Number of protein chains: 4
Amino acid sequence: MRNTAVLLIVCPDRKGLVAAIANFLYRHNANILHADQHQDKEAGLFLMRVEWDLDGFDLGLHKFDEAFAPIAGEYQMQWRLALSSMKPRLAIFVSKHDHCLADLLYRWQSGELYCEIPLIISNHPDTRWLAEAYKLPFQHIPVSKETKAEAEAAQQALLEAHRVDFVVLARYMQVLSPAFIQRWPNRIINIHHSFLPAFHGAKPYQRAFERGVKLIGATSHYVTEVLDDGPIIEQDVTRISHRDDLEDLVQKGADLEKVVLSRAVKWHIDNRILVYGNKTVVFD
Amino acid sequence: MRNTAVLLIVCPDRKGLVAAIANFLYRHNANILHADQHQDKEAGLFLMRVEWDLDGFDLGLHKFDEAFAPIAGEYQMQWRLALSSMKPRLAIFVSKHDHCLADLLYRWQSGELYCEIPLIISNHPDTRWLAEAYKLPFQHIPVSKETKAEAEAAQQALLEAHRVDFVVLARYMQVLSPAFIQRWPNRIINIHHSFLPAFHGAKPYQRAFERGVKLIGATSHYVTEVLDDGPIIEQDVTRISHRDDLEDLVQKGADLEKVVLSRAVKWHIDNRILVYGNKTVVFD
Amino acid sequence: MRNTAVLLIVCPDRKGLVAAIANFLYRHNANILHADQHQDKEAGLFLMRVEWDLDGFDLGLHKFDEAFAPIAGEYQMQWRLALSSMKPRLAIFVSKHDHCLADLLYRWQSGELYCEIPLIISNHPDTRWLAEAYKLPFQHIPVSKETKAEAEAAQQALLEAHRVDFVVLARYMQVLSPAFIQRWPNRIINIHHSFLPAFHGAKPYQRAFERGVKLIGATSHYVTEVLDDGPIIEQDVTRISHRDDLEDLVQKGADLEKVVLSRAVKWHIDNRILVYGNKTVVFD
Amino acid sequence: MRNTAVLLIVCPDRKGLVAAIANFLYRHNANILHADQHQDKEAGLFLMRVEWDLDGFDLGLHKFDEAFAPIAGEYQMQWRLALSSMKPRLAIFVSKHDHCLADLLYRWQSGELYCEIPLIISNHPDTRWLAEAYKLPFQHIPVSKETKAEAEAAQQALLEAHRVDFVVLARYMQVLSPAFIQRWPNRIINIHHSFLPAFHGAKPYQRAFERGVKLIGATSHYVTEVLDDGPIIEQDVTRISHRDDLEDLVQKGADLEKVVLSRAVKWHIDNRILVYGNKTVVFD
């Protein structure tokens, strides 16, 4: 893994912005590896991701904030610096459907997902064997209507104890409370098994089957307080036909869910996603 | 073009059905070219499409009804016989957006769509040049809130005068009245510029853009009295990114619309579509 | 799992075929669940797959051969009867790349692949942990130029000892000898990491990268004596861009390989594939 | 259409490059609309496309060359300035298959392709009607083995007389001579009806059908002296099945060809394509 820094910026679009950033990096001898920018004309916004090699970069990272502040201030930037050497800490929430969990664990083990997984939480014990196969800690926290508040408190405590950076709902079939969600803004990724906004809410495959659609989809998104309404990170679809019954849809959909969720998780880890308004920009 | 017959059947699923149909055709020396069937287990239905060569078929088509009646009766079949030699007569309704019209006319002219086009109707004169390029009759019937009933009466009269078999709404931006639609059950094909049921109704590209979806779609369907709710014939999607503004979506979507609509029209002409409930089976 | 029988037929196309088969099944009270047929006009061939419920079928399967022989003889059928209750026995060959193996094992464990896996063979010990996670036997048989004949003899002995029905090469990086292949006609499935026939042979991702293609692909096929030339079962592609370096291609390709191989294995298990000439028909 | 300038740059990758370019543009008050860059690590190259509004840009374009020369020299840039106000002049070559021609003309007429079409050349008279429908000049230049040199001379004279900027081979079934091609480096776009490098050369659909592939493709590329080997601009594929005969492949392929060719032409017009080595970068 490279020793790189990623700077993510959102600010009002203005002349001189790119020059100011490029000069700053050049002045400190940055070897730029990737740079990507986007202008949202309607919103009048400038969004940028720039990644550079820290070898030879002559500004200590503890001084970055201070050194960059004048530029950030002048251009009213919201910005964030991320280091590729810092593995983010991921907690996975899962229920009984284990295909997304199995997929994420394999990708983690193979090095595709550059993160730590200090915690897998489930309201059922069924997926414990998977966690054990990958030698990862598994916490069974049952959830019922009555115990939900309590369960969320236990989950929250575990997330904090393990210094978790972000959460992935890998087909976790419980709806999280607004209070819980508010503590993790743009840091909970969900996979919904439909092409949102079609079939938001419960039983999307059943409803897709009944409506007679010719393609089914999956959507990964950041969780907000409105169900299935957060900023979409990735979507994909696959073709079905009248020969597919509901069970076939579920099975074909599972392959979509795995790919769509794992892309979102990878992009989040690689600091490729900028959220603005209720949308995302994913820099390739 | 071959001289073939197509038999389309829907009936309750029962043992002996296929044998009964196959024996009937064999007895009359049918050379079967394609046969496809489907069982909807949930609905307990059997659906079939069988196409055979009329060369050598020893049953006169005027006697088909009488000869097939006993089988049809025994198995409670809804059935329809279509002849590939009969070119169906298509009327196209269009407004100002002409991409679907241009596409359909080219496919008709090239022989891909085996039909007659005795009538192109528009509420605007803008596409007259296209009709003229293909030497097809064009009728300009303006529509306003006040004149809608009158306009529909004029349209209906033209459809009857030209013995039209089915209607294609090629981005015709008017909503047809229930009375009009009821006269053409499963015989009006519409193209909607979204992946239904997402973004049904007005301005789907605008809303897709605002929601931040990562794919846009198009849907062809038979028109029913509930807007954008009829049986779906075909759908497809294409990927978009944050770099695409609303105008890009409209342009990328246009390519989808053309393909998705033309497939539906072709399958309708080729008698490949069976409607049951609010779904379609499209036999390949 | 249902208790069904599948009959697969290839024969010269002739009138009366469907009637003969349908009558035979009806006579024995078969409740047909799926039937699909195809006529290859150029080759003059008829291909069929029919699946029926064995509950109520009044012909003992030990007598099927004798009872069906007159029809099979009259129409010069090549045919095969398969029972859904019989789990086929699969051996997986793998080298160091473990993504396809991990994918197949997960699908097997989840019930998607209805088979036994009595044997995983590898020329490297690296994937032993995966076999153990799923509690499956793992055999490490190193292969070098000098020991290849010997290794194949050992492999062959194991396949026989475990009464294996078919073999999947899940990124097994060795070329099997013609003698080995001839013993398993249409019973070895390989995954090749390109869109065949493009980039057959070694290093397909490298060559795709150098050629500057805009899509990469994967192909599953039955192994024949000519390298990467056997009947294609399934293919799929994914889009790449100039931003993807060789490593990205390998990673994106891995997702394709998994899906394309697992579909082929599933279809083989479900008796959906008919091979004729150097092509396959995959009945949906 | 905006009044913008596009600067395309290829040069060895070096620190300070982006700052130098950004400063230059900022000094002259450029309002940057889009900027996209790419680093090819293996080749050590930096590639950039930057587009800015000419309103407010304080450097006269006739002085651009002189003003930019010091930077271009220091960084050993190959560069090109293009103005969005200048409509490039396109000549289309076509034979009898007219689907790509019809598609391009419609897109031109609708404003999607921002170019002039001063010339349509064909070795057959069959498509004259299409040119006439769009009121465009059509030249019939028959080609035979004996008259090929002569025909190319006539074509070349016409291209020059009409000050053509680039040529599109819209299913032009003749192979151009090396001498002809050398005069139009990276300025002749061809559509090949396969997923290159598979099935390069003659009869790709026939060969795809015989090989039993499960997807067919189309490829647009710049023409070089080696047949079907030039830098690939765009590719796409569509799924086929055993039910598709050769004629179906041709028809499904035609829809691919249209889309894949028109994208390439649009990107060429919009100055989005950079060729380096035998590859392209297409900036979105």
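Residues numbered from 1 in each chain as written. Chains lettered and ligands numbered in written order. Predicted model: local features only at pLDDT ≥ 70, side-chain atom pairs only at ≥ 80, totals over all residues. Heavy atoms only, no water.

Operational definition: UniProt positions are given in the numbering used here, feature names are shortened, and annotations may be inferred rather than shown by experiment.
Chain A is annotated in an unreviewed UniProt entry as Formyltetrahydrofolate deformylase of Sulfuritortus calidifontis. The UniProt entry for chain A carries this comment under Catalytic activity (unreviewed entry): "(6R)-10-formyltetrahydrofolate + H2O = (6S)-5,6,7,8-tetrahydrofolate + formate + H(+)".

1. Examining the interface of chain C and chain D
Short version of the rule: When checking whether two residues touch, look at their non-hydrogen atoms; a contact exists if any pair is within 4.5 Å. Here the quantity called buried area is the accessible surface, traced with a 1.4 Å probe, that two parts lose on coming together, added over both. Throughout this description, the term salt bridge denotes a Lys or Arg side-chain nitrogen within 4 Å of a carboxyl oxygen of Asp or Glu. Under this definition, polar contacts are N or O atom pairs within 3.5 Å; protein pairs additionally need one hydrogen-donor-capable and one acceptor-capable atom, and for neighbouring residues in sequence, both atoms have to be side-chain atoms. Helix and strand assignments come from DSSP, with helices taken as H or I runs of at least 4 residues and strands as E runs of at least 2, each series counted from the N terminus.
Taken together, the contact between chain C and chain D spans 37 residues of the former and 37 residues of the latter. Buried surface at the junction of chain C and chain D, both sides included, amounts to about 3,100 Å², of which 50% is carbon and sulfur. Run the count over chain C and chain D and you get eight salt bridges. A salt bridge links Arg239(C) to Glu234(D), with the shortest nitrogen-to-oxygen separation between them at 3.0 Å. On inspection of chain C and its partner chain D, the count reaches 20 residue pairs in polar contact (both at pLDDT 80 or more). Looking at the side of chain C that touches chain D, the elements with two or more residues in it are strand 2 (31-40), helix 7 (204-211), strand 11 (232-239) and strand 13 (279-282) of chain C.

2. Focus: the UniProt feature "active site" (unreviewed entry) in chain A
Which entries qualify depends on this criterion: To sort residues, take the accessible area from a 1.4 Å probe on protein chains only and compare it with the maximum for the residue type: under 20% means buried, over 50% means exposed, and anything in between is partly exposed.
Per the UniProt entry, the sites bearing "active site" (unreviewed entry) are Asp228(A) in this numbering. The class for Asp228(A) is buried, based on a relative accessible area of 9%. Contacts of Asp228(A), omitting those with residues within four sequence positions, involve Asn190(A), His192(A), Leu196(A), His200(A), Gly201(A), His221(A) and Arg211(B). A polar contact of 3.4 Å, which involves the side chain of Asp228(A), links it to the side chain of His192(A).

3. Quick notes on the interface of chain D and chain B
Let me state the cut-off plainly: All amino acids are sorted into three groups, where Ala, Val, Leu, Ile, Met, Phe, Trp, Tyr, Cys and Pro are nonpolar, Asp, Glu, Lys and Arg are charged, and the leftover types, Gly among them, are polar.
On the chain B side, the residues contacting the 18 residues of chain D number 18 residues. Each partner contributes to the roughly 1,700 Å² buried at the junction of chain D and chain B, and carbon and sulfur atoms together form 47% of this total. Considering only the surface of chain D that becomes buried against chain B, Tyr106(D), Trp129(D) and Arg243(D) emerge as the three largest contributors, covering 32% of it. Along the contact surface separating chain D from chain B lie four salt bridges. For the pair chain D and chain B, the number of links is eight residue pairs in polar contact (both at pLDDT 80 or more). Take the side of chain D that touches chain B: its biggest share by element is six residues, from helix 3 (residues 99-109) of chain D. Broken down by class, the residue content of the side of chain D that touches chain B amounts to five nonpolar, three polar and ten charged.

4. Points about the domain arrangement of chain A
You'll often see interface size given as the accessible area lost when the parts meet. Residue and element names in this part refer to chain A. Applicable threshold: The start and end points of each domain follow an automatic or database-based domain assignment.
Assigned domains within chain A: domain 1 (4-83) and domain 2 (89-282). Placing a centre on the C-alpha atoms of domain 1 and another on those of domain 2 gives a separation of 31 Å. Contacts between the two partners involve twelve residues from domain 1 and, on the opposite side, seven residues from domain 2. Regarding the contact of domain 1 and domain 2, the summed buried area is about 800 Å², with carbon and sulfur atoms giving 60% of it. Counting across the domain 1 and domain 2 interface gives zero salt bridges. Across the contact surface, domain 1 and domain 2 share four residue pairs in polar contact (both at pLDDT 80 or more). Where the side of domain 1 that touches domain 2 is concerned, the elements lending two or more residues are strand 1 (4-12), strand 2 (31-40), strand 3 (45-53) and strand 4 (78-83).

5. What about the pattern of salt bridges?
Pairing between side chains of opposite charge can happen when the charged atoms of each approach one another. For the structure on display, the rule yields 68 salt bridges over all chains. When the shortest N-O distance is used, the salt bridge between Lys266(C) and Asp270(C) registers 3.1 Å. Sharing partners across several salt bridges, the network here consists of Asp103(A), Arg107(A), Glu112(A), Asp255(C) and Lys258(C).

6. Examining the side chain of Ser220(B)
All names here are of chain B. Summarising the element assignment, Ser220 is placed in strand 10 (residues 215-222). Look at Ser220 and you get buried, because its relative accessible area is 0%. From its side chain, Ser220 meets the backbone oxygen of Val260 in a polar contact 3.2 Å long. Those residues in contact with Ser220 that sit more than four places away from it in its chain are Asn190, Ile191, Ile232, Ile233, Glu234, Val260, Leu261 and Ala264.

7. Considering helix 3 (residues 99-109) of chain A
By the criterion of burial, helix 3 of chain A is predominantly enclosed, with nine of the eleven residues buried. The complete set of buried residues in helix 3 of chain A reads His99(A), Cys100(A), Leu101(A), Ala102(A), Asp103(A), Leu104(A), Leu105(A), Tyr106(A) and Arg107(A).

8. A word on the relation of the copies chain D and chain B
Going by this rule: A least-squares fit on C-alpha atoms brings the copies together, and the residues used are those whose pLDDT is at least 70 in both copies.
The two copies are related by a screw operation: chain D maps onto chain B through 180 degrees of rotation and 0.0 Å of translation along the axis, at an RMSD of 0.0 Å. The symmetry that links the two subunits is that of a two-fold axis. Among all residues of chain D, the one whose C-alpha sits closest to the rotation axis is Ala133(D), at a distance of 2.7 Å. With an isologous cut-off of 70% or more, the 100% of interface residues of chain D that recur at the interface of chain B puts this contact in the isologous class.

9. Thoughts on the sheet that holds strand 8 (residues 166-169) of chain B
Residue and element names in this part refer to chain B. To keep it simple, the criterion reads: A pair of strands is considered paired only if DSSP assigns at least 2 bridges between the two. Only C-alpha atoms enter the line fits that serve as axes; for helices the fit covers just the stretch in contact. Angles between N-to-C directions range over 0 to 180 degrees.
The strand order across the open sheet formed by seven strands is 7-6-5-8-9-10-11, and the pairing between neighbours is mixed. Edge strands, defined here as strands with exactly one partner in the open sheet, are strand 7 (138-140) and strand 11 (232-239). Taken pair by pair, the neighbouring strands of this sheet meet at an average axis angle of 15 degrees, ignoring direction. Note: strand 10 against strand 11, seven bridges, orientation antiparallel. Pairing of Gly217 across the sheet is with Val237, part of strand 11.

10. As for helix 1 (residues 17-27) of chain D
Judged by how many residues are buried, helix 1 of chain D sits mostly within the fold: eight of eleven residues are covered. Leu17(D), Val18(D), Ala19(D), Ala20(D), Ile21(D), Ala22(D), Phe24(D) and Leu25(D) are the residues of helix 1 of chain D that are buried.

11. Some words on the environment of Glu247(B)
Along the chain, Glu247(B) falls in helix 8 (residues 246-269). Sequence spacing of Glu247(B) and Arg128(B) is 119 residues, and the spatial spacing of their C-alpha atoms is 25 Å.

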